[in-house]
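Each chain, letter by letter, is given below.
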Amino acid sequence: MYHGFGRSAPRFDITQVNLILELTSMARNAQCECGSFKVVVDVEPAATGICSCINCQRRSGSVFGAIAYFPKGGVRMVSGQHKTFVRSGESGGNLHQHFCPECGTTVLVNADFLAGLSGVPIGCFADPTFPPPQVALYDRTRHPWVTLPKDLPAFPSSPSIDEIAAILAKQH
Ligand SMILES: [Zn+2]
Ligand SMILES: [Zn+2]
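Let me begin by describing the structure that accompanies this report. Quick caveat: nothing in here was measured; it's all calculated off a predicted structure.

### Some words on the overall build of the protein
The number of helices and strands found in the protein is three helices and 10 strands. Walking the protein from its N terminus toward its C terminus, one meets helices and strands in the order α-β-β-β-α-β-β-β-β-β-β-β-α. Counting all 172 residues of the protein, 28% fall into the buried class. The contacts in the protein between residues at least 6 apart in sequence include a share of 55% that link residues at least 24 apart.

### A closer look at the sheet that holds strand S1 (residues 28-31)
The antiparallel open sheet is built from three strands, whose spatial order is S1-S2-S5. The strands lining the two open edges of the sheet, one partner per strand, are S1 and strand S5 (75-79). Averaged over all pairs of adjacent strands, the angle between strand axes in this sheet comes to 30°, irrespective of strand direction. With four bridges connecting them, S1 and strand S2 (residues 38-41) associate as antiparallel partners. Its bridge partner lying in S2, Asn-29 is registered against Val-40.

### Looking at the pairing of strand S6 (residues 83-88)
Counting buried residues along S6, only zero of its six residues qualify, which leaves the element largely exposed. Where S6 meets strand S7 (residues 94-99), six bridges bridge the pair, whose relative direction is antiparallel. Residue pairing for S7: Thr-84 is matched across the bridge by His-98.

### So, the pairing of S2
Where S1 folds back on S2, the antiparallel hairpin that results is connected by six residues, among which Gly-35 adopts a positive phi of roughly 90°. Bridge count between S2 and S5: four bridges; the pairing is antiparallel. Its bridge partner lying in S5, Lys-38 is registered against Ser-79.

### Quick word on unusual backbone geometry
Backbone geometry places Ala-126, a non-glycine residue, at a positive phi of 45°. The residue Ala-126 is located in the loop between strand S9 (117-121) and strand S10 (135-137) in this model. Here Tyr-138, not a glycine, exhibits a phi torsion of approximately 50°, which is positive.

### A word on the nonpolar core
Ranked by internal contacts, the top residues of the largest apolar core, which has 22 residues, are Val-39, Val-41, Val-107 and Val-120. Of all the secondary-structure elements, those providing two or more residues to this core are S2, strand S4 (65-71), S7 and strand S8 (106-111). The element that contributes the greatest number of residues to this core is S4, accounting for four residues. The contact partners of Val-41, leaving out residues within four places of it in the chain, are Ala-27, Arg-28, Ala-30, Phe-70, Gly-74, Val-75 and Val-120.

### Description of the environment of Gly-104
For Gly-104, the position within the fold is in the loop between S7 and S8. In the structure, Gly-104 is positioned 72 residues away from Cys-32 in sequence and 7.8 Å away in space, judged by C-alpha atoms.

### Details of the environment of Val-41
Within the fold, Val-41 resides in strand S2. With 22 C-beta atoms packed within 10 Å, Val-41 lands in the buried category. Along the backbone, Val-41 and Pro-71 are 30 residues apart, and their C-alpha atoms lie at a distance of 9.4 Å.

### A look at the environment of Gly-92
Relative to the helices and strands, Gly-92 resides in the loop between S6 and S7. With 19 residues separating them along the chain, Gly-92 and Ala-111 place their C-alpha atoms 9.8 Å apart.

Reading guide: rules and limits
- Residues numbered from 1 in each chain as written.
- Chains lettered and ligands numbered in written order.
- Predicted model: local features only at pLDDT ≥ 70, side-chain atom pairs only at ≥ 80, totals over all residues.
- Helix = DSSP H or I, 4+ residues; strand = E, 2+ residues; numbered from the N terminus.
- Buried ≥ 20, exposed ≤ 12 C-beta atoms within 10 Å, placed from the backbone.
- Contact = placed C-beta atoms within 7 Å.
- Pairing = 2+ DSSP bridges.
- Axes fitted to C-alpha atoms, helices over the stretch in contact; angles between N-to-C directions.
- Core = buried A, V, L, I, M, F, W, Y, C linked by C-beta atoms within 7 Å.

Written out as structure tokens, the structure is:
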């Protein structure tokens, strides 16, 4: 029961929503390095991949990017400001990278060629039990000391949507 002093009803409080989502089993929380830009995902990934293209290397500051794509309806920005950097993709369409203006971490990615899906860089979940990648892209610029999991399908550049769909169909 609410025992507030004011006359108004309790205000909608986003932190309480976050708490509830953290308690539901399927929700996953992603955040930037400083913790202000937060995204909650309550669906399973549709596709996960790593990409060794030069842009992903520069975006992440690491030697490859790792992103999980989820059905868009299950991905919500729940706190923090963000800025958006738009990169034109080599295989057509743009990539919209939403990042924290404070610490620079990209927490949400929308790709024009993956309509209906939203991507979250896997490291933002800080969860070592997160499902492994299903495909490796831009293997031609992979650092040679990076060893891919044995059965991971790898493409020299970007596969077509049909090629990705075929891989996912085999794995699911
Ligand atoms: Zn931040
Ligand atoms: Zn890439």
